[in-house]
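Descriptive structure summary
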Amino acid sequence: TRRAEVILQFFQSLNLDRPKIIDFGCGTGWLSEMLSKFGQITGVDLAESAIDMATARCPNGTFFAGDIFQLSLPANHFDVVVSQEVIAHVPDQLAYINRAANVLKPGGYLIITTPNKFVIDRADVFPPQPHEHIEKWLTIRRLKNLLRSRFQVLRSTSILPMGNRGI
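Our subject in this report is the structure included herewith. (Residues numbered from 1 in each chain as written. Predicted model: local features only at pLDDT ≥ 70, side-chain atom pairs only at ≥ 80, totals over all residues. Heavy atoms only, no water.)

1. Some details on the overall build of the protein
Test applied: Per the convention used, a helix needs a DSSP run of H or I reaching at least four residues, while a strand needs a run of E reaching at least two, with both numbered from the N terminus. The cut-offs for exposure are 20% and 50% of the maximum accessible area for each residue type, with area from a 1.4 Å probe on protein chains only; residues under the lower value are buried, those over the upper are exposed, and the others partly exposed. It only takes one pair of heavy atoms within 4.5 Å for two residues to be counted as in contact. In this description, accessible areas are obtained by the Shrake-Rupley approach with a 1.4 Å probe, and a residue is regarded as covered only by the protein chains that are shown.
Tallying secondary structure elements over the protein gives six helices and five strands in all. Per-residue burial over the protein gives 41% buried out of 167 residues. Looking at the protein alone, contacts between residues at least 24 apart form 66% of all its contacts between residues at least 6 apart. Accessible surface, the protein: about 9600 Å² in total, of which carbon and sulfur atoms supply 50%.

2. Remarks on the packing of aromatic side chains
Given two aromatic rings, one states the distance between the centres and the angle between the planes to describe the pair. Rule in force here: The aromatic pairing rule takes the rings of Phe, Tyr and Trp, using the six-membered ring of Trp, and pairs them if the centres are within 6.5 Å, calling planes under 30 degrees apart stacked, those over 60 edge-to-face and the rest tilted.
In the structure shown here, the tally under the stated rule is three aromatic pairs. On the numbers, 4.7 Å between centres and 40° between planes, the contact of Phe 11 with Phe 38 is tilted. In this pair, Phe 11 is assigned in helix α1 (residues 2–13) and Phe 38 in the loop between α2 (30–35) and β2 (40–45), connecting sequence segments 27 residues apart. A centroid spacing of 6.4 Å and a plane angle of 65° characterise the contact between Phe 69 and Tyr 96, whose relative ring orientation is edge-to-face. With Phe 69 in the loop between β3 (62–65) and β4 (78–84) and Tyr 96 in helix α4 (residues 93–103), this pair connects stretches of sequence that are 27 residues apart. Judged by its relative accessible area of 3%, Tyr 96 is buried. Counting every residue linked through ring pairs, the aromatic cluster contains Phe 24, Phe 69 and Tyr 96.

3. Quick look at the environment of Asp 17
When you line up the elements, Asp 17 lands in the loop between α1 and β1 (20–24). You can call Asp 17 exposed: its relative accessible area is 71%. For the pair formed by Asp 17 and Asp 79, sequence separation is 62 residues and the distance between their alpha carbons is 10.0 Å.

Everything listed here is a matter of coordinates, which is why it stays silent on function.
Structure, rendered in structure tokens:
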């Protein structure tokens, strides 16, 4: 919920008039539902069952099950791309950033969150994942470098700094 609060506060600060928003990795649509109060929401997720839940939760939105790299999404169409906790789980992170940039209108915004490798390395709160699960954690420096290939970084912050293994 803290992450959603920060995303919504940042979103409000943009002062956009009924923007077209796409939520990459929308899951069950809990954030999409909140974002729909600002404008037209589209959500994309790999899991069809999650899309079914998102559609039920946010009936005014448009939701697609599929891989964002393979779905036919319109270029230069959205005002804002929101991506929370997805980039660390894709095989090609630069291609992911490029995909977000390609669907945005010129001057559009990308709001992206991801676990910070610096924090992950110092926390014992994450259970082991299956071998096939992609985990390509990013430091803040690496994330900014990826973003700078297509975006101007306006703001960055740590939302949930934690850890019990020291520095």
